[in-house]
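Commentary on secondary and tertiary structure
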Protein chains: 2
Amino acid sequence: MKIVINRDKLMESIQHVTKAISSKTAIPILAGLKIQSTHNGITLTGSNSDITIESFIPVEEEGIQYIDEIEQGEIIVHAKYFPEIIRKLPSPSVQIEVDEQLQITIQSGHAEFHLNGQDAEEYPQISQINTETNFELPINLLKNMIKQTVFAVSTSETRPILTGVNIKVEGEQLHFVATDSHRLAASKLPLQESIAEFPFEQVVIPGKSLNELSKILDDTEDKIQISISENQIAFQTNHLYFLSRLLDGKYPETSRLIPEESKTVIHADTKTLLQAVDRASLLAKDNHNNVIRLQTKDQQIVEISSNSPEIGKVEEEITVASMDGEELKISFSSKYMIDALKIMETEQVKIEFTGAMRPFIIKPIDHDQILQLILPVRTF
Amino acid sequence: MKIVINRDKLMESIQHVTKAISSKTAIPILAGLKIQSTHNGITLTGSNSDITIESFIPVEEEGIQYIDEIEQGEIIVHAKYFPEIIRKLPSPSVQIEVDEQLQITIQSGHAEFHLNGQDAEEYPQISQINTETNFELPINLLKNMIKQTVFAVSTSETRPILTGVNIKVEGEQLHFVATDSHRLAASKLPLQESIAEFPFEQVVIPGKSLNELSKILDDTEDKIQISISENQIAFQTNHLYFLSRLLDGKYPETSRLIPEESKTVIHADTKTLLQAVDRASLLAKDNHNNVIRLQTKDQQIVEISSNSPEIGKVEEEITVASMDGEELKISFSSKYMIDALKIMETEQVKIEFTGAMRPFIIKPIDHDQILQLILPVRTF
């Protein structure tokens, strides 16, 4: 194998696939990074038990020559040293050559590295997903839906299914739902024709996989192709192939959790509320759950407060755009509230309460595509 | 006590003095931050067993009003919560009021915090240094001398005196020297009249103190006033008072370590050499000492290499500006070499070797104000 390639383009691909590589793997060969060259270009692969990422660099694209010389072959390189070396090479061009003894020679400018490689034959076969049952989404919309939900997955393994984001199609909408059983985050997107062929009733994708996927994807309107099999999901863009396992088991029915009526409805400026909650949280950190209190006052005034006997207390009155219904005193986790408000894109939010002991919901002021639900904490 | 003060100016002072505050202190009151107000302004104080930092905010300076209202008093505030609260306050103005029960009320916009304070009477008295024996330096020159030496102090407590930077006056020059006994960094500055009154033969300042001092100081040509007593040193600018303990004991005589003659002299481009050493260090990290090798070749060629049997090896030939004297093969720590080259400000450096087993020195090409010395490692 021999390639002469643009250093920065190679580095970009390396950074994508190393997101899937862990030095703590049960299968030692997976601690390496696979490089495969054909006459079309090179493919880098990184994998762990949950995720596999492949990145392709074409010889030439849109008039830009990325690879000047290429001979077929494949090799496993050290996933720690190889990236560090490529990053620090002196010249914008790098030549990588592999001999029969799996010795890798990397040359750039006057620097010459010799690395021990491993046989690519030992690398596990990456399963391919049947691409007949796929659909497409704009990348930026997918990233948005991930951002609006993934933070609410459970970090505890007591109910593994809750560590994932539930994805399904219902009523011509694509739904993303995540909950750790203390709060819930949901986002939906009207379906276009192509997406109506959602091939499974529902799937659950590990939150970690979605976080990594989101990091790799640029925020563009380009399409990403999504294919689903019984136990895996693949995301494919022009030069990237991202494969994740699915979580096994049935996701709990969450729609019943969402209150259908409300007793107190507040419309508030998102940023004002977020900052007041953030300040109140300062004195709530020593509590186990970052608990703060919200209390309605006369007219359009809401008081946010918290109290930490040893440190001190904080109270802040904010003026809201409107307040209807019953008076209310409610306590909840400031962390959950901050998470929920941070992903709201509208200037104002609508908060619907059904009493101090019932879950409440937060939505954008003018649409229902995002819903955040928080369970209160009993303090008085 | 009552003050109405500019939030950002207060925050800036808080950030300075908290550098001296540790939550792990043997004297519990020192985990707090002291605020003292007089009719001139307020003084914040943070302290630990090594360093005390005082920052003063005047009521008004150069036409800018920092404090709108001030009543005398003093209080100890929580050094964790107080800064976090001030940073997140909604309005650019903050009112701080302390009552008889040491309750602190912080108001800004509609936010109101109540914090428990501690009695300032319990805070230890900060010793003042006799200011008759002081001298001045431009701040940027002091920062340079710290940067050029402090990285070489020992991090081990086996010889505590080596954890400090030795400062003395010799031959009308101010000298800074640091060594961990494997390498040495020295910087000197021609004395101006005012500095000739260096009041002590030599002092040793903890490296940590100098690092913190350097972080707080802006890179200006303003003067900083330095006062020394038997066991403390104070640095004073317009509104900052930085007090550090001195290390006890005699600093070793280091001048004898510096070879007076050389057998091989190389002039090399600083950046080219630094990058080649950095690349070679990539495959030297698994060695205990990051050991790399330098070998002279024909003409103006120097080879930098390293070898890590399990991973691989690297060789790089660099062309140097000149090379005189004997052939040489020498091994040394790439980390020490990188540290030494990083602080060099000249485009070229001069390296003087006296054989493979003797310390070698690195200097700027055109002056002697900076000297870096590295002990080689015996490998062949």
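Predicted model, so just to flag it, every value in this text is computed and none were measured.

1. Quick word on the packing of helix H5 (residues 270-282) of chain A against helix H6 (residues 334-342) of chain A
Residue and element names in this part refer to chain A. Between H5 and H6, whose axes approach to 10 Å, the crossing angle comes to 155°. Compared by their axis directions, H5 and H6 come out roughly antiparallel. Judged by the twist between their axes, the crossing of H5 over H6 is left-handed. Judged by residue contacts, Thr270, Leu273, Leu274, Val277, Asp278 and Ser281 of H5 engage Ser334, Met337, Ile338, Leu341 and Lys342 from H6. For the contact of H5 with H6, the class distribution of residues is 6 nonpolar, 3 polar and 2 charged.

2. Some remarks on the pattern of salt bridges
If charged atoms from side chains of opposite charge come close, those side chains can pair. All names here are of chain A. If you walk through the whole model with that rule in mind, you get 28 salt bridges over all chains. Between Lys363 and Asp368 there is a salt bridge, and its shortest N-O distance comes to 3.6 Å. Judged by its relative accessible area of 14%, Lys363 is buried. With relative accessibility at 44%, the residue Asp368 sits in the partly exposed group. Several salt bridges share partner residues, and in doing so they unite Asp180, Arg183, Lys335 and Asp339 into one network.

3. Considerations on the packing of aromatic side chains
Per the stated rule, a full pass over the model turns up 6 aromatic pairs over all chains. Where Phe353 of chain B meets Phe360 of chain B, the ring centres are 4.9 Å apart and the plane angle is 35°; that geometry is what we call tilted. Feature note: the residues Phe332, Phe353 and Phe360 of chain A constitute an aromatic cluster, connected by ring pairs. Stacked on the ring of Tyr66 of chain A, the Lys or Arg Lys9 of chain A has its end atom at 4.6 Å from the ring centre.

4. Quick word on the domain arrangement of chain A
Taken domain by domain, chain A consists of domain 1 (2-122), domain 2 (138-217) and domain 3 (259-374). Put simply, the middle of domain 1 of chain A and the middle of domain 3 of chain A, counted by C-alpha atoms, are 50 Å apart.

5. Notes on the sheet that holds strand S3 (residues 41-47) of chain B
All names here are of chain B. A sheet is described by the order of its strands in space; here 8 strands give the open sequence S8-S2-S3-S4-S19-S18-S17-S12, paired in antiparallel fashion. Of all strands in the sheet, those bounded by a partner on one side alone are strand S8 (73-78) and strand S12 (134-138). With strand direction ignored, the average angle separating the axes of adjacent strands in the sheet is 20°. Direction of pairing for strand S2 (residues 32-37) relative to S8: antiparallel, over a ladder of 6 bridges. From the neighbouring strand, Ile35 faces S8, where its bridge partner is Ile75. Packed onto the sheet, helix H3 (residues 139-149) meets S12, strand S17 (223-228) and strand S18 (232-236) and runs at close to 85° relative to S12. Docked against the sheet, helix H4 (residues 207-216) engages strand S4 (51-58), S18 and strand S19 (240-245), running at close to 170° with respect to S19.

Conventions we followed
- Residues numbered from 1 in each chain as written.
- Chains lettered and ligands numbered in written order.
- Predicted model: local features only at pLDDT ≥ 70, side-chain atom pairs only at ≥ 80, totals over all residues.
- Heavy atoms only, no water.
- Axes fitted to C-alpha atoms, helices over the stretch in contact; angles between N-to-C directions.
- Helix = DSSP H or I, 4+ residues; strand = E, 2+ residues; numbered from the N terminus.
- Parallel < 35°, antiparallel > 145°, perpendicular 65-115°, else oblique.
- Left-handed = near helix turned anticlockwise from the far one by under 90°.
- Contact = heavy atoms within 4.5 Å.
- Nonpolar A, V, L, I, M, F, W, Y, C, P; charged D, E, K, R; others polar.
- Salt bridge = Lys/Arg side-chain N within 4 Å of Asp/Glu carboxyl O.
- Buried < 20%, exposed > 50% of the residue type's maximum accessible area, 1.4 Å probe, protein only.
- Phe/Tyr/Trp six-rings, centres within 6.5 Å; stacked < 30°, edge-to-face > 60°.
- Lys NZ or Arg CZ within 6 Å of the ring centre and 35° of its normal.
- Domains from an automatic or database assignment.
- Pairing = 2+ DSSP bridges.

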